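Structural overview for review
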Amino acid sequence: MTYDSERQFRATIIRGKAKSDLDNLLPAYANIIFEICPCAAENFIIGFNDKMGKFLCESTKKTLDNHRTEIAGKLFGMYYTDSDSIVHCSERTKEFIKNADQPFFFKDICSKFQFPNGMDKANTFSEKVANNISLRQFAYILKLLLIAAEKEMLISKNDVAYYVLNSLDVLRGNVEPYLVLEKIAKDRGDKIIRKVEYPGKASSYSMQHINEQLNLLELANLIRIRDGCIYLNSGEQQAIDYMASYYNQKPEFNVYSYDFESIENKKKFYRDWDIYFSSLSKKAKEMFTTQVDSLKFEALDKVSLSKPISRPSTVELGDEGEFYVFQLEKERVCKFNSRLVNKVKLLGKIKGLGYDIQSVVAERGEKSEFARYLEIKSTKRVTAPKLDDDGWVDTLNVTRNEWVALQQHRDSYYIYRVYFTSEGVIIFVIKNPYEKIQKNKILVMATNYRLDFQSVAVDEKIN
């Protein structure tokens, strides 16, 4: 098997946004798509753009179309269109609505990523096919990094860029990872530094397609990049081992089985790809759930490869968030007056209340023992949300009981938005959300309606 790393090929992917922007946008996309699907394609375009426009305060049609088609559609696989032009919410999106686990979502994307794929436009796709590209690149990268860890060898972002993601021989699926490592080691020994470069092009052009692929692996919580070097995350060893196990398998979706001679065949290819890519991986629920502790990055080294990592038992994300805030609230109240701690009650398992924790004000004044009602909304994501980020926006759902409670308790009602992130736990507190809704500081969208009726509303009975 020969490997010539100097045979380079620029295998691009759909252009996304900055890493934090992708993390920020995912909940909005998911809730909008889940709400309006299934629906006719023309209604989907109108509905998505209208709701996303309100969400972003953005009126440019081109920008909204890009969010819908390029990112939510092609890059994230959040919906697909069937042969009758009906748009459906994808399995991946439905699962995210249930688990609020953003790294899970990105792990599933990475597990299905391949070259070539149906994300590309016809000319870009044809170029990859003409060059016999065939690789599950993320599985390959993870395998490469695992072997490197065993050899106590650090791999840089530039190494992955030049020797893997821009290497024609590797992209064709013709090179074993150990040969890539040997080549990297030899070039280092010969003091040869190789980078992806295109004469006359800015460095951003040269590395754009590389950075965007590595961003997905970072958002999946599988790697971290520190000082230009790539480290595997030991907390995700199960997912890493599973994904790396198919590094040498042909892409699951066989693009080479399609005949592109007719327009109908091309349409069928793109439709089939959308359905495939938007579906969950076979073992996603078993392998990709993100444990809170795994967000605290630890490098995967030789020791951790030989010593199994003890993983905490799976706990519902909502329970984790509620318990975390419950402990914080007890500490806050105790500092004010230890006698009041027994008034802090964890009530999340009691249905119908509209809040998860009942506490007290615990501040100086005549209202110190007045009740407070806390509703906890938790999520997991790699990047930490930042209030000074103009592009940051978040979305969450409330039940009917929560909606009633926030109107009833007003100034005594708080929403705690808990983010389990790689930078630690971050909590945004929203006091009196009802008042903020009235002042248009919070946008409310009705997502479903219940119709209760009796006999007077029935016009006809058919046996």
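Provided above is the structure to which this section pertains.
Residues numbered from 1 in each chain as written. Predicted model: local features only at pLDDT ≥ 70, side-chain atom pairs only at ≥ 80, totals over all residues. Heavy atoms only, no water.

A closer look at the side chain of Glu402
Cut-off, in case you're wondering: Only DSSP runs of H or I reaching four residues or more are called helices, and only runs of E reaching two or more are called strands; each is numbered from the N terminus. Relative accessible area decides the class of each residue, using a 1.4 Å probe on protein chains only: under 20% of the type maximum gives buried, over 50% gives exposed, and in between gives partly exposed. Polar contact criterion, stated in full: a pair of N or O atoms within 3.5 Å, where within protein one must be able to donate a hydrogen and the other to accept it, and residues adjacent in sequence count only if both atoms are side-chain atoms. The criterion used for residue contact is that any of the two residues' heavy atoms lie within 4.5 Å.
You can see Glu402 is positioned in helix α17 (residues 400–409). Glu402 gets classed as buried once you look at its relative accessible area, which sits at 8%. A polar side-chain atom of Glu402 sits 2.8 Å from the main-chain amide nitrogen of Thr399. Not counting residues within four places of it along the chain, the set of residues in contact with Glu402 comprises Gly354, Glu375, Lys377, Asn397 and Tyr413.

Considerations on empty space enclosed by the protein
To be explicit about the condition: Lining residues are defined by having an atom within 4 Å of a point belonging to a cavity or pocket. Those points lie on a 1 Å grid over the protein atoms alone, cavities being sets where a 1.4 Å probe fits but cannot get out and pockets being open sets with protein on both sides within 12 Å along at least five of seven lines. Grid points are joined across faces, edges and corners, and a volume is the space filled by probe spheres set on the points.
Under the definition given, this model contains 3 cavities of 30 Å³ or more. The computed volume of the largest cavity comes to approximately 40 Å³. Surrounding the largest cavity, Val292, Leu295, Lys296, Phe420, Thr421, Gly424 and Val425 form its lining. Among the elements of the structure, β10 (413–421) and β11 (424–431) are those that each provide at least two residues to the lining of the largest cavity.

A look at the pairing of β11
Within a regular beta strand, the side chains point alternately toward one face of the sheet and then the other, so they alternate between its two faces. The test is simple: When DSSP finds two or more bridges between two strands, those strands count as paired.
Inspection of the sheet shows β10 paired to β11 by 8 bridges, in the antiparallel sense. Bridging across to β11, Thr421 finds its partner in Gly424. In textbook terms, the turn of a hairpin is the stretch between consecutive antiparallel strands, and for β10 and β11 this stretch comprises 2 residues.

Quick look at the layout of surface pockets
If a probe the size of a water molecule is rolled over the atoms, the empty space left behind becomes visible. We apply this condition: When residues are sorted by character, Ala, Val, Leu, Ile, Met, Phe, Trp, Tyr, Cys and Pro go into the nonpolar class, Asp, Glu, Lys and Arg into the charged class, and all the rest, Gly among them, into the polar class.
Of the voids in this model, the largest pocket is the one considered here, and its volume is about 1,500 Å³. Forming the boundary of the largest pocket are 42 residues, of which Leu396, Ile442, Leu443, Val444 and Met445 lie nearest the centre. At the level of secondary structure, the elements contributing two or more residues to the lining of the largest pocket comprise α1 (19–36), α2 (41–56), α17, β10, β11 and α18 (433–438). In terms of residue class, the lining of the largest pocket is made up of 26 nonpolar, 7 polar and 9 charged.

Quick notes on a nonpolar patch on the surface
Counted only if it meets this: The patches described consist of residues with a relative accessible area above 30% and no salt bridge, like charges being joined within 9 Å and nonpolar side chains (Val, Leu, Ile, Met, Phe, Trp, Tyr) within 5 Å. Working definition of accessibility: Shrake-Rupley area with a 1.4 Å probe, residue cover restricted to the visible protein chains. Whenever Lys or Arg places a side-chain nitrogen within 4 Å of a carboxyl oxygen from Asp or Glu, that contact is recorded as a salt bridge.
A cluster of nonpolar residues, Tyr324, Leu328 and Val425, forms a patch on the protein surface that exposes about 210 Å² of accessible area. Of note, Tyr324 is situated in helix α16 (residues 317–336).

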